[in-house]
Amino acid sequence: MTFASRITRSPRPYDPSQGASVRDRLSGLPPETRDLIAGAVGCSPYLCALCEREAEWLIRSIDTPEAALADLRHALDQEPLDQVPSALRQAKRRVALMVALADLGGVWPLETVTRELTAFADLAVDLSLRAALAPHLKRGKLPGLDETALQEACGMVVLAMGKMGADELNYSSDIDLICLFDETRFAADDFAEARAVFVRATRTMAATLSDRTAEGYVFRTDLRLRPDPAVTPVCLAMAAAETYYESLGRTWERAAYIKARAAAGDRAAGARFLKTLAPFVWRRHLDFAAIEDAHNMRLRIREHKGLGGALILPGHNMKLGRGGIREIEFFTQTRQLISGGRDADLRVRGTVEGLAQLAEKGWVPEAAAATLTDHYRFHREIEHRLQMLRDAQTQTLPTNDEEFERLAAFCGRDMAELKADIHDRLSEVHGLIESFFAPEDAAPAPEPDVLDEEIMARWRSYPALRSSRAVEIFQRLRPEILGKLARSANPNEALMAFDGFLAGLPAGVQVFSLFEANPQLIDLLVDIAGTSPALAAYLSRHAGVLDAVIAGDFFAPWPGRTALEQDLADILDAEADYERKLDAARRWRKEWHFRIGVHHLRGLIDADEAGLCYADLASAVIGPVWDAVQVQFAQKHGSPPGRGAVVIGMGSLGAGKLNAGSDLDLIVIYDAPGDASSEGRRPLSARPYYARLTQALITALTAPMAEGRLYEVDMRLRPSGNQGPVATSWAAFQSYQQEEAWVWEHLALTRARGITGPDDLCAEIETFRQRLLAEKGAPDHVLREVADMRARIADAKSPAGPWDAKLGYGRIQEIELVAQAGALMAGLPGRAVAEGLRAGVAIGWLSDADGEALQSAYALCWTVLQASRLLSDKPLDARALGEGGRAFLLRQTGFDGLDLLEKRLDAVTRRAGEVIDAGLGRPPKGDRSDD
């Protein structure tokens, strides 16, 4: 398509006499193009001057504007470096003219307009930088580098910030740049000399771009976004910049780096620097404190620029004023800062692209994003028209009707209609943005008088309320929190639990900001505090898990182990540092563990489903963490010798049924020849290799780090228990199990399950497990040993009381022992308690009634145990529970009162104990081979 056929709009000439000579020179162009140019030069003295100067180039180029500007950039890149200043100024005129006409005629959308302006700016900066460095390099002022280093600017990079970084450069924009150099290219003795050269080159580059000559200028250049510009040189070492941001960086600098891009020089080094800075920009937790920071920044800008007060169009600043461009950018960047640490899809530079991503991911309502996007595009077009009039870096609307009429003509609009449109759009933007940053304050509700004043009086002494900012935010939240506590089933009981949460918070600003921006979290907190003080205390220690609640899918169905494992693997792959991987795993596990607890608390899953979820979660953690441990270990000692190792889950993990407080029973089996060894910087033979690798896994899971620990681990079920090696060779494991193992070790194998490791080795171990169980279940021997084990456990571990569902006569531990015995005597591979009990029935050891009695007791005990672990980390005393906790326990078990539940628990466990007594005194009636 020709340029003329793509024109969809044209300015109307404000001064038809202006540019008559230009129109004569362009008389050979199509009528549509001539009318567009006539309108442009009739409104803008600047465009009129450009047309007069570049008429011949325009005639040759206008029919293919994209190709013309691409050719222009290519030709520029071939210019001798000493000709760069003059060549850039000519190119700037031509780019400005072509972009203006394509914009005014509707030939290009806003994104193409800003992208073309940015592409020229990138090249201009890169050429100016190389031209500035070339003389220094030629004179040997950059030690160790030759002329080939000039192509990548000798290790110096220019970061484009703001609109240039986001490919959103406006028509007459200045450019915000941060100049850095890679100090690792130079020896320590050469650092000072190199830095001096880069500083001089930066100044020369800036002068090349911004100095006004007879040929004009290229770009006004601003270097003040660098760290602490009042005292730092114009070009900094990357290490110095990184140290500054990590220790002193402020919220506005985080926001600035959302748009940062390596635009010129050594772009690869720049990309590495930006990746290093990502943790500074993108916080791991949802950062709602950024809302208040950004709001305060808006207010300071308004006050500094004198832009507060009512909306009055004459002289209104379309960028910084009420409802302007900066408001939309602040809104978008703040939402990105809040959520981008968790959601990498939000880490985009462009404002329109950012709004689209925020809407797609559910962080901003789609209607609001669409409205702001439409207004943003309109505001940017008005901004461009203001700047095209006289090539001025301005966003200020005219102060008189004469100039407003010129602007309206330039936009092809009626003045009154344009004014009304601008006013309405500014007002709507202001209303949307203000409701986000500073919602209208409602009159504070009176505090309820049913709550204990003494408890509330001590809050000001808590760590979370030591800062004035935390106190200010909490005071805004306090009426709502107290109101919800007062409406709970037992207000002062809920208040005590909330007090425990508040007392345990190490700091308050982030958490209180999170509550303020997401009031639904207060409901959840009050619900948790009123039901499970233990979960509330967990929240105070790990408040970051609340991020997951507002991530959109917190209450979605359980995704299953495979999806969880892949999710964690992706997260760990994104972390380069080993310790960061382990901390990332801890954060991830805490969020999912909390999610299971909340789902259980709210009745979305029952006790059995919770047990499966906890087991899925543990299994999903072990696989990716084991992979990370092996990679880290191999860096020093080389890859694992032989076929590798399998991590086996034992006990409740193997059976796929954990509770909220379970530790993990693990063993590690490796397969490598006895004389095998690793090949690395510090090689090890197979036995010490796998022993130390296993110990590294235990440390990775159990070590208390900044984000806590993952799990407690018990390795005592390995061959020979604590006396045996922590990792067992496959050959030794088989030999031990066949020739030396005790009955209790074969019982333990009934629940063994491969968690992670080579598939073929896992399959071999499972085949061996099943064959061994089929061979080792001689009833007389098994029953005698089980009876002895039961007696020893009863002597060693007394139940904590009538509500102890795990220990005691006919309770979980005894029933699980019977189920394992049933599976072993039947020689069947099933791991679940129900499967073991059915096996005992199948071989005639238990009657159908016996099996039902044991299953019934186990189901009730398990439900009580799961509930008790969620409510407290101490032994359950149901009568000491708060009202919310008692209600939860009764809902879970289906009873109307504690007396009825206690009686039923006593009856079913007593019956189960009697069944076990009888069963251990008689052998099975059936033959194992019949099954």
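As a convention, each chain's residues are numbered from 1 in the sequence order in which they are written. The model is predicted, so local features are restricted to residues of pLDDT at least 70 and side-chain atom pairs to those at 80 or more, both for listing and for counting; the totals for chains, interfaces and linings are taken over all residues. Side-chain figures throughout are based on the complete set of non-hydrogen atoms in the structure, without hydrogens or water.

### A short note on helix 16 (residues 351-360)
- Only protein chains enter the area calculation, which uses a 1.4 Å probe; residues under 20% of their type maximum are buried, those over 50% are exposed, and those in between are partly exposed. Secondary structure follows DSSP: runs of H or I at least 4 residues long count as helices, runs of E at least 2 residues long count as strands, and numbering of each begins at the N terminus. Counting buried residues along helix 16, seven of its 10 residues qualify, which places the element largely inside the surrounding structure.
- Within helix 16, the full set of buried residues consists of Thr351, Val352, Gly354, Leu355, Gln357, Leu358 and Ala359.
- Pairs of residues are marked as contacts when any of their non-hydrogen atoms sit within 4.5 Å. Along its buried surface, helix 16 packs onto helix 8 (110-138), helix 15 (325-339) and helix 17 (366-390).
- Phi turns positive one or two residues past the end of helix 16, at Gly362, with a value near 85°.

### Focus: helix 25 (residues 533-541)
- Among the residues of helix 25, those classed as buried are Leu535, Ala536, Tyr538, Leu539 and Ser540.
- Looking at the buried side of helix 25, the elements it contacts are helix 22 (491-504), helix 24 (520-531), helix 26 (546-549), helix 28 (578-601) and helix 38 (848-871).

### Points about the packing of aromatic side chains
- Any two of the Phe, Tyr and Trp rings considered here, Trp counted by its six-membered ring, make a pair once their centres fall within 6.5 Å; the pair's planes then place it as stacked at under 30 degrees, edge-to-face at over 60, or tilted in between. Counted under the stated rule, the structure contains 24 aromatic pairs.
- Judged by centre distance (5.3 Å) and plane angle (70°), the ring pair of Tyr689 and Tyr690 falls under edge-to-face.
- A relative accessible area of 0% places Tyr689 in the buried class.
- With relative accessibility at 1%, the residue Tyr690 sits in the buried group.
- Plain terms: the ring middles of Phe733 and Phe768 are 6.1 Å apart, the flat faces sit at 65° to each other, and that makes the pair edge-to-face. Of this pair, Phe733 sits in helix 32 (residues 730-739) while Phe768 sits in helix 34 (residues 759-775); the two residues are 35 residues apart in sequence, bridging distant segments of the chain. Of the two residues, Phe733 and Phe768, neither departs from the other in class, the shared state being buried.
- Here, over-ring charges are defined by two tests on the NZ atom of lysine or the CZ atom of arginine: distance to the ring centre within 6 Å, and angle to the ring normal within 35 degrees. Sitting above the plane of the Phe404 ring, Lys419 keeps its charged end 4.9 Å from the centroid.
- Above the ring of Tyr711, the side-chain terminus of Arg589 is found at 4.3 Å from the ring centroid.

### Here we look at the nonpolar core
- Only buried Ala, Val, Leu, Ile, Met, Phe, Trp, Tyr and Cys residues count toward a nonpolar core, and they belong to the same one when joined by side-chain atoms within 4.5 Å. Core analysis: the biggest nonpolar cluster contains 163 residues, and Trp459, Phe512, Phe594 and Val625 have the highest contact counts within it.
- The greatest single-element share of this core, amounting to 14 residues, is contributed by helix 29 (residues 607-637).
- Setting aside anything within four residues of it in sequence, one finds Trp459 in contact with Leu465, Phe474, Arg478, Leu482, Leu495, Phe498, Asp499 and Leu502.
- In this structure, Met98, Leu142, Met156 and Met164 belong to the second largest nonpolar core, which totals 88 residues.

### Details of the environment of Leu346
- Residue position: Leu346 is located in the loop between helix 15 and helix 16.
- According to the relative accessible area criterion, Leu346 is buried, its value standing at 1%.
- Residue contacts for Leu346: discarding those within four places in its chain leaves Trp282, Gln336, Ser339, Gly340, Gln357, Leu358, Lys361 and Trp363.

### Things to note about the side chain of Asn659
- Looking at where Asn659 falls in the secondary structure, it is placed in the loop between helix 30 (651-655) and strand 7 (664-671).
- Looking at Asn659, the relative accessible area reads 11%, which means it is buried.
- Residues contacting Asn659, with those up to four places away along its chain left out, are Tyr614, Trp862, Leu865, Gln866 and Arg869.

### Considering the pattern of salt bridges
- By definition, a salt bridge exists where a carboxyl oxygen of Asp or Glu is found within 4 Å of a side-chain nitrogen of Lys or Arg. The final tally for this structure, using the stated rule, is 56 salt bridges.
- Put simply, Arg413 and Glu417 hold a salt bridge, and the shortest N to O gap is 3.5 Å.

### A few points about a negative patch on the surface
- Taken together, Asp567, Asp570, Asp573 and Asp627 make up a surface patch of like negative charges.
- Per-element tally for the negative patch: the top contributor is helix 27 (residues 561-573), with three residues.
- Turning to its location among the elements, Asp573 is positioned in helix 27. Here the term patch refers to residues with relative accessible area over 30% and no salt bridge, with like charges joined within 9 Å and nonpolar side chains (Val, Leu, Ile, Met, Phe, Trp, Tyr) within 5 Å. Accessibility throughout is a Shrake-Rupley quantity obtained with a 1.4 Å probe, and a residue counts as covered only by protein chains that appear here. In this charge count, Lys and Arg are treated as positive and Asp and Glu as negative; neither His nor the chain ends contribute. For the purpose of locating charges, the reference atoms are NZ of Lys, CZ of Arg, CG of Asp and CD of Glu.

### Remarks on the environment of Gly105
- Secondary-structure assignment places Gly105 in the loop between helix 7 (84-104) and helix 8.
- Overall, Gly105 belongs to the buried group, its relative accessible area being 0%.
- Note: C-alpha distance between Gly105 and Gly656 (551 residues apart in sequence) is 67 Å.
- If we skip the residues at most four places from it in the chain, Gly105 touches Arg6, Ile7, Thr8, Arg9 and Leu36.

### Re the pairing of strand 2 (residues 175-181)
- The element strand 2 is largely enclosed, with a buried count of six among its seven residues.
- Of the strand pairs in this sheet, strand 2 and strand 3 (residues 221-222) are connected by two bridges, and their pairing is parallel. Bridging from a neighbouring strand, Ile175 pairs with Thr221 of strand 3.
- Throughout, right-handed denotes a crossover for which the path from the first strand over the helix to the second runs clockwise when the strands point away from the viewer. Handedness of the crossover joining strand 2 and strand 3 through helix 10 (residues 191-210): right-handed.
- Two strands pair if DSSP finds at least two bridges between them. Note: strand 2 against strand 4 (residues 235-237), three bridges, orientation parallel. Bridge pairing in strand 4 places Phe181 opposite Ala237.

### Describing unusual backbone geometry
- You will see that Ala153, though not glycine, has its phi angle at about 55°, which is positive.
- Mapping Ala153 onto the fold places it in the loop between helix 8 and strand 1 (156-160).
- Ala153 sits in the buried class, given a relative accessible area of 0%.
- Although it is not a glycine, Asp391 adopts a positive phi angle of roughly 50°.
- By the element assignment, Asp391 lies in the loop between helix 17 and helix 18 (401-411).
- With relative accessibility at 14%, the residue Asp391 sits in the buried group.

### Details of the packing of helix 6 (residues 65-77) against helix 8
- Whenever a helix is involved, its axis is fitted only over the stretch in contact; in every case the axis is a line through C-alpha atoms, and angles between N-to-C directions fall within 0 to 180 degrees. Helix 8 packs onto helix 6 with a crossing angle of 5° between their chain directions and a minimal axis gap of 11 Å. The orientation of helix 6 relative to helix 8 falls into the category roughly parallel. Facing helix 6, whose interface residues are Leu69, Arg73, Leu76 and Asp77, helix 8 presents Glu116, Ala119, Phe120, Leu123, Leu127 and Arg130.
- Of the residues belonging to the contact of helix 6 with helix 8, the class tally is six nonpolar, no polar and four charged. For classification, angles of less than 35 degrees are called roughly parallel, those exceeding 145 degrees roughly antiparallel, those between 65 and 115 degrees roughly perpendicular, and all remaining angles oblique. Asp, Glu, Lys and Arg are counted as charged, while Ala, Val, Leu, Ile, Met, Phe, Trp, Tyr, Cys and Pro are counted as nonpolar; the rest, among them Gly, fall into the polar class.

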